[in-house]
Amino acid sequence: MVCVRSRSEPWELAMEESSEPLLDAKSGVTNQLIDFQWKLGMAVSSDSCRSLKYPYVAVMLKVADQSGQVKNKSFEMTIPQFQNFYRQFKEIAAVIETV
């Protein structure tokens, strides 16, 4: 049996759940990151696969909207997804250093 996971990036899916945009061209950022937590885990089985044995990174975010209401968002990433996520943040950091 082969287990298949979604190809969409999980952090994109987690943020899409909000009906409000992350950025507003007129007023700037509409959501603010309050907290970022992560943990490394190992999936050993699921209801459809008896032997998964793959590592993953679980991310938990607290995001406040303009009114101050805090919502929790969470998602899991495979190691390749996490490596892509990390690479993107390194690129952001490099751009910020030039500003």
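Residues numbered from 1 in each chain as written. Predicted model: local features only at pLDDT ≥ 70, side-chain atom pairs only at ≥ 80, totals over all residues. Heavy atoms only, no water.

Together, L33, F36, W38 and L40 make up an exposed nonpolar region whose accessible area comes to about 470 Å². Note on placement: L40 falls in strand 3 (residues 32-43). Looking at L40, the relative accessible area reads 57%, which means it is exposed. (Patch = residues over 30% accessible without salt bridge, like charges linked within 9 Å, V, L, I, M, F, W, Y side chains within 5 Å. Areas by Shrake-Rupley, 256 points an atom, 1.4 Å probe, with all protein chains shown as cover. Salt bridge = Lys/Arg side-chain N within 4 Å of Asp/Glu carboxyl O. Helix = DSSP H or I, 4+ residues; strand = E, 2+ residues; numbered from the N terminus. Buried < 20%, exposed > 50% of the residue type's maximum accessible area, 1.4 Å probe, protein only.)

Okay, the sheet that holds strand 3 next. Pairing is antiparallel in the open sheet, where three strands are placed in the order 3-4-5. With one partner strand each, in any of the chains shown, strand 3 and strand 5 (70-78) form the two edges of the open sheet. Put simply, the sheet's adjacent strands are angled 15° from each other on average, direction ignored. Direction of pairing for strand 3 relative to strand 4 (residues 54-64): antiparallel, over a ladder of eleven bridges. In the strand pairing of strand 4, A43 is matched with Y54. With respect to the sheet, helix 2 (residues 79-98) is in contact with strand 3, strand 4 and strand 5, its orientation differing from that of strand 5 by roughly 120°. (Pairing = 2+ DSSP bridges. Axes fitted to C-alpha atoms, helices over the stretch in contact; angles between N-to-C directions. Contact = heavy atoms within 4.5 Å.)

A few words now on the pairing of strand 4. Where burial is concerned, most of strand 4 is hidden: eight out of the eleven residues are buried. Where strand 4 and strand 5 come together, nine bridges link them in antiparallel fashion. Its bridge partner being in strand 5, Y56 is matched across the sheet by T78. A loop of five residues connects strand 4 with strand 5, the two strands running antiparallel in sequence, and G68 in this loop sits at a positive phi of about 95°.

Looking now at the nonpolar core. Core analysis: the biggest nonpolar cluster contains seven residues, these being V57, V59, L61, V63, F75, M77 and F85. Among the secondary structure elements, those contributing two or more residues to this core are strand 4 and strand 5. Here this core takes four residues from strand 4, the largest share from any one element. The contacts of V59, once residues within four sequence positions are left out, are F36, Q37, W38, K73, S74, F75 and M77. (Core = buried A, V, L, I, M, F, W, Y, C linked by side-chain atoms within 4.5 Å.)

Interpretation in functional terms is not warranted from these geometric data alone.
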